[in-house]
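Structural features, examined
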Amino acid sequence: MRKLLVLSVTALLVFAACGGDDDDAGSTATEPSAEEDDTAEDDPDDADDDADADDGTGDDGEFLDDDAYTEVLAESLMDTNSGFAAPEDEAQCAAERMVGEVGAQRMQEAGITEAALAAPENGPSDLTEAEAGQVADAMIECIDLASGMASGFTGDDDVSAEEAACLAEQVGDGSVIRPMLVLDILEGESASPPADVAEAFADLFLDCFDWSARIVAEIEAGGTDITPEQEACLKEVIRTSELYREIFIGGILKED
């Protein structure tokens with residue numbers, strides 16, 4: 001599970017903000033040549049290496065113990081390449097709680113191995129829904145997800161104090177973010193949230209962020225001046241437009 005889910009939540013939110021559809025993402029991949037196929041078939045050592053990499057254990061073929069696995073989990077949550085990096089103390093808190101409640105061996109048996117945490121894609125796991133809930137709760141209790149979601153969803157670090165406070169208040173009890181975290185833990189990147197969860201996220205970010213100001217800034221950066229009356233009109237349209245809300249929801253659901 002890639003960087004254990006913090007980044008997958010952020011990625012989902014960025015998807016909604018930017019729009020987009022990855023249905024055609026694989027269409028540009030080239031087919032392996034016959035020579036490449038033959039090479040793969042003629043090299044059993046490569047197949048053995050692949051099997052070792054996917055056997056659900058640590059690098060030495062054994063499950064990592066509690067201490068080693070906690071360290072791996074914490075490091076994955078602090079990885080700056082993930083798009084969201086938790087502070088060390090928050091990452092350590094979350095990792096220790098996950099291991100304490102679910103167990104290092106159980107998480108590795110379920111597919112959340114050292115190799116899986118380092119993989120470029122966030123895959124599914126074999127945790128039960130109750131166990132996935134324990135992992136999600138550890139993240140919600142220990143990590144300030146609101147601040148990461150804010151910068152991830154807006155695509156910038158220019159989040160006002162009012163916006164950050166609004167977001168923190170609305171996600172504080174975990175009721176909005178928890179269902180999406182649990183789904184992601186169980187199903188990985190292929191997960192698509194239920195409509196009611198997508199609607200809750202859309203309303204959250206429409207309520208908390210001044211999107212009209214960001215749109216105006218983009219327009220003016222392109223050399224067009226916007227009057228205060230035009231900005232007020234834009235703000236009202238965004239606030240009341242059902243179409244704008246549906247665009248947010250569709251992005252979260254990965255729809256066109």
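To start, this report covers the structure provided alongside it. (Residues numbered from 1 in each chain as written. Predicted model: local features only at pLDDT ≥ 70, side-chain atom pairs only at ≥ 80, totals over all residues. Heavy atoms only, no water.)

**Some thoughts on the nonpolar core**
Core analysis: the largest hydrophobic core is formed by 53 residues, its most contacted members being Tyr-69, Leu-73, Met-98, Met-107, Phe-201, Leu-204 and Phe-205. Ranked by residue count, the leading element in this core is helix H12 (residues 195–208), at 8 residues. (Core = buried A, V, L, I, M, F, W, Y, C linked by side-chain atoms within 4.5 Å. Buried < 20%, exposed > 50% of the residue type's maximum accessible area, 1.4 Å probe, protein only. Helix = DSSP H or I, 4+ residues; strand = E, 2+ residues; numbered from the N terminus.)

**Here's the deal with the environment of Pro-194**
Take Pro-194: it is sitting in the loop between helix H11 (177–187) and H12. Exposure remark for Pro-194: the relative accessible area of 42% places this residue in the partly exposed category. Through-space distance from the C-alpha of Pro-194 to that of Leu-183 is 9.4 Å; in sequence the pair is 11 residues apart. Setting aside chain neighbours within four positions, we find Pro-194 in contact with Leu-183 and Leu-253. (Contact = heavy atoms within 4.5 Å.)

**Some words on the side chain of Thr-113**
For Thr-113, the location among the structural elements is in the loop between helix H6 (104–109) and helix H7 (114–118). Within the local environment of Thr-113, its side chain forms a polar contact with the backbone nitrogen of Ala-116, the two atoms lying 3.1 Å apart. (Polar contact = N/O pair within 3.5 Å; in protein donor to acceptor, adjacent residues only side chain to side chain.)

**Here we look at the packing of aromatic side chains**
Going through the model one piece at a time under the given rule, you end up with 5 aromatic pairs. Arranged with centres 6.5 Å apart and planes meeting at 10°, the rings of Phe-201 and Phe-205 form a pair that is stacked. With a gap of 4 residues between them, Phe-201 and Phe-205 both fall in helix H12, about one helical turn apart. Ring centres 5.4 Å apart and planes at 5° place the aromatic pair Phe-205 and Phe-209 in the stacked group. One exposure class covers both Phe-205 and Phe-209, and it is buried. What links up through ring pairs into an aromatic cluster is the set Phe-201, Phe-205, Phe-209, Trp-211, Tyr-244 and Phe-248. Its guanidinium or amino end placed over the ring of Trp-211, Arg-214 lies 5.7 Å from that ring's centre, counting from NZ or CZ. (Phe/Tyr/Trp six-rings, centres within 6.5 Å; stacked < 30°, edge-to-face > 60°. Lys NZ or Arg CZ within 6 Å of the ring centre and 35° of its normal.)

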